[in-house]
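Chain residues, written in single-letter form:
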Amino acid sequence: MTAAAGLVLATPAAATDRGPGAPGIGDSYFPNHGNGGYDARHYSLNLDYQPGADLLRGRARILATATQHLTRFNLDFLLKVDTVKVDGRPATFARTGLHELEITPAQALTSGKPFMVEVSYADTPSKVPVPDETGGFQPWLATADGALALGQPQVAWWWFPSNDHPLDKATYDITVSVPKGTQAITNGIKVKERTSGDKTTSTWVMDKPMATYLATLFIGQLEVRTGQSNGLPVVTAYSKDLGRYEAAAKESIEQTPQVVDWLAGYFGRYPFRSMGGSVTSALPGFALETQTQPVYDPRFFSRGPDTYVVVHENAHQWFGDSVAVKDWKHIWLNEGFATYAEWMWSEKLGEGTAAEVADYFYGLWPADDEFWQVKPGDPGAADLFHNATYYRGAMALQALRVEVGDAAFWNIVKTWPSVKRHGNAETAEFVALAERISGKQLDAVFDTWLFTVGKPATSPNGTAAA
Ligand code: ZN
């Protein structure tokens, strides 16, 4: 599904309207991520996993629409492929570039027409060499009793072939077979589960558009809890070996429904039809806002329960998941908002108002600190998750709030995820919306906080000086 068709057509794919699809969707930071020439609409994944051996066998059926006359097109994928079919007919395929699976259908695809590509594969994902561009980051973690697929921006390459960019969201159904006694958790709602012989097979449905990096797979001998909140299913899952983190992790994650309700008061209706959270001893080293089912490293809870990280990942369900970036350079639209939500939570808990927290972070980094050298509005690929993306991004929101006043600010914060719901967005569109709602010219405040290297002369509240 491509919300911003205009942007896709502006990619190199448009240059040739007959021929091969482009090997990248046109991202300014990751030019080879995603692909041109088609629009993925639905992924139907059928997976079988053997823990221990780390053997993943899969069959992915991708329903897509050609956006040009296509003699050839790419998927992004790293695992070993056995066969590829397009519309039921065998297709030839080749590996090119870092992570490209180049597919030549028996017959060229017609622009505007749907097609179905089916890829069968089997591999040991943890053994697949990690491409240099990920900086050694390994998004597939095999554990003694299962595995975890979690990463941003790269992760899908290790478990399903895709058009790997947030610009091409799609719906999903994911069926996973694991040994009896083992659980598999993925996104959305579990609609079916059956044990036959020594295998348990479950099917999950994500019926709202999802970016590829927001798909997750968590397999292990887990403690799975199910509940309901406002009629929506709640799934929480914990690996059984959390040890000293267990109690604090559960106490935190089990507050997800209350956190989501509280966030909805500011951000508008929750965009999805289920919610939850997973904590895993696979130790990813971070938390990630995987759609409806964020995943948390247990070490977030090493000093006791921590609801800030729960607030952060669930704020991303609006900012990042429902409203996804058009290009990775707009990452502050995700992280700035999720961080600002933490500051709002601080205010609610009586641990400092958002304004106070903003000024605290402004004062934390001295003017000569490297922190101020990264522009949150364009941090660069290597600094996608730099502190500036998070904290200076959130400071930009506080500065906006001071500039437009509380009434306009909360209106902007609620309107943005509503007008962009299940779509894609970029910074200029946010600025335009903020200007429309506030009736103010806001270039100066956004330039100062998002696009200018160096420490602004005064704090987000205009109170403290550098
Ligand atoms: Zn975040």
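Residues numbered from 1 in each chain as written. Predicted model: local features only at pLDDT ≥ 70, side-chain atom pairs only at ≥ 80, totals over all residues. Heavy atoms only, no water.

Student: What am I meant to see in unusual backbone geometry here?
Tutor: Residues other than glycine predominantly adopt negative phi, and peptide bonds predominantly adopt the trans conformation. The omega torsion across Q152 and P153 is 0°, close enough to zero to call that bond cis. Here P153 lies in the loop between strand 11 (147–149) and strand 12 (170–179). One non-glycine residue, L283, lies in the positive phi region at around 55°. Mapped onto the elements, L283 comes out in the loop between strand 19 (275–279) and strand 20 (295–296). (Helix = DSSP H or I, 4+ residues; strand = E, 2+ residues; numbered from the N terminus.)

Student: Is there a simple way to think about the packing of helix 8 (residues 406–419) against helix 9 (residues 427–438) in this case?
Tutor: Between two packed helices, the angle of one axis relative to the other and the distance separating the axes together describe the packing. Between helix 8 and helix 9, the shortest axis-to-axis distance is 9 Å and the interhelical angle comes to 135°. When the axis of helix 8 is compared with that of helix 9, the two are oblique. At the point where helix 8 passes helix 9, the crossing takes the right-handed sense. On helix 9, the residues that touch A408, N411, I412, T415 and W416 of helix 8 are E429, F430, L433, A434, I437 and S438. A class-by-class count of the residues in the contact of helix 8 with helix 9 yields seven nonpolar, three polar and one charged. (Axes fitted to C-alpha atoms, helices over the stretch in contact; angles between N-to-C directions. Parallel < 35°, antiparallel > 145°, perpendicular 65-115°, else oblique. Left-handed = near helix turned anticlockwise from the far one by under 90°. Contact = heavy atoms within 4.5 Å. Nonpolar A, V, L, I, M, F, W, Y, C, P; charged D, E, K, R; others polar.)

Student: Just checking my understanding: could you explain the pattern of salt bridges for this structure?
Tutor: Side-chain pairing between opposite charges can occur once the charged atoms of the two side chains come close. According to the stated counting rule, one finds 16 salt bridges in the structure shown. In this structure, D39 and R41 form a salt bridge, with 3.8 Å as the shortest nitrogen-oxygen distance. Under the relative-accessibility criterion, R41 is labelled partly exposed at 35%. Connected through salt bridges with shared partners, the residues E223, R225, E246, K250 and E254 form a single ionic network. (Salt bridge = Lys/Arg side-chain N within 4 Å of Asp/Glu carboxyl O. Buried < 20%, exposed > 50% of the residue type's maximum accessible area, 1.4 Å probe, protein only.)

Student: Even after reading the chapter, I still don't get helix 2 (residues 246–253), so can you show me in this structure?
Tutor: Every α-helix carries 3.6 residues per turn, so stepping three or four residues along brings you back to the same face. Here helix 2 has its buried residues at A248, A249, K250, S252 and I253. Looking at the packing, one finds that the buried side of helix 2 touches strand 17 (222–229), strand 18 (232–239), helix 3 (256–267), strand 19, strand 20 and helix 4 (308–318).

Student: I'm lost on the coordination of the zinc ion in this one. Help?
Tutor: Under perfect tetrahedral coordination by four donors, a metal shows angles of 109.5 degrees; under perfect octahedral coordination by six donors, it shows angles of 90 or 180 degrees. Protein-derived ligands of the zinc ion are H312 (NE2), H316 (NE2) and E335 (OE), with the metal-ligand distances lying across 1.9 to 2.0 Å. Counting along the primary sequence, the residues that act as donors to the zinc ion give the motif H-x3-H-x18-E. Of this pair, H312 and H316 are both found in helix 4, four residues apart, which corresponds to roughly one turn of the helix. Owing to a relative accessible area of 6%, H312 belongs among the buried residues under this scheme. (Donors = N, O, S within 2.8 Å, 3.2 Å for Na, K, Ca; no water.)

Student: Would you mind showing me how to read the nonpolar core here?
Tutor: The tendency in soluble globular proteins is for nonpolar side chains to be buried side by side. If you look at the biggest cluster of nonpolar residues, it comprises 66 residues, and the most contacted ones within it are L400, F430 and F446. Sort the elements by how many residues they give to this core and helix 5 (residues 332–349) lands first, with nine residues. The contacts of F430, once residues within four sequence positions are left out, are W332, L333, F337, L397, L400, I412, W416 and F446. Counting 58 residues, the second-largest nonpolar core is a separate cluster that includes L47, Y121, A147 and A170. (Core = buried A, V, L, I, M, F, W, Y, C linked by side-chain atoms within 4.5 Å.)

Student: What is the right way to read the sheet that holds strand 8 (residues 100–104) from this model?
Tutor: Strand pairing in a sheet is mediated by backbone hydrogen bonds. Such pairs are either parallel or antiparallel. Read across the sheet, four strands follow the order 1-4-8-7 without closing on themselves; strand pairing throughout is mixed. Two strands bound the open sheet, and with one partner strand each, they are strand 1 (18–20) and strand 7 (92–96). In this sheet, neighbouring strand axes are inclined to one another by 25° on average, regardless of whether the strands run parallel or antiparallel. Both strand 4 (residues 69–76) and strand 8 contribute to a ladder of four bridges, which runs antiparallel. Counted as the bridge partner of L75 is L101 from strand 8. (Pairing = 2+ DSSP bridges.)

Student: Explain the sheet that holds strand 10 (residues 140–142) to me, please; I cannot follow it from the model alone.
Tutor: The four strands lie next to each other as 10-11-16-13, forming an open sheet whose pairing is antiparallel. What marks the edges here is a single partner per strand, and that holds for strand 10 and strand 13 (183–185). For this sheet, the mean inter-axis angle between neighbouring strands, taken without regard to orientation, is 10°. Where strand 10 meets strand 11, three bridges bridge the pair, whose relative direction is antiparallel. Following the sheet pairing, L141 is matched in strand 11 by L148.

Student: I tried to follow the packing of helix 9 against helix 10 (residues 443–450) on my own but got confused; where do I start?
Tutor: Where helix 9 meets helix 10, the axes come as close as 10 Å, and the angle between the chain directions of the two elements is 140°. Classified by the interaxial angle, the pair formed by helix 9 and helix 10 is oblique. The chirality of how helix 9 crosses helix 10 is right-handed. Between helix 9 and helix 10, the residues in contact are T427, F430, V431, A434 and E435 and D443, F446 and L450, respectively. For the contact of helix 9 with helix 10, a count of residues per class yields five nonpolar, one polar and two charged.

Spatial relationships are all this shows, so hold off on functional conclusions.
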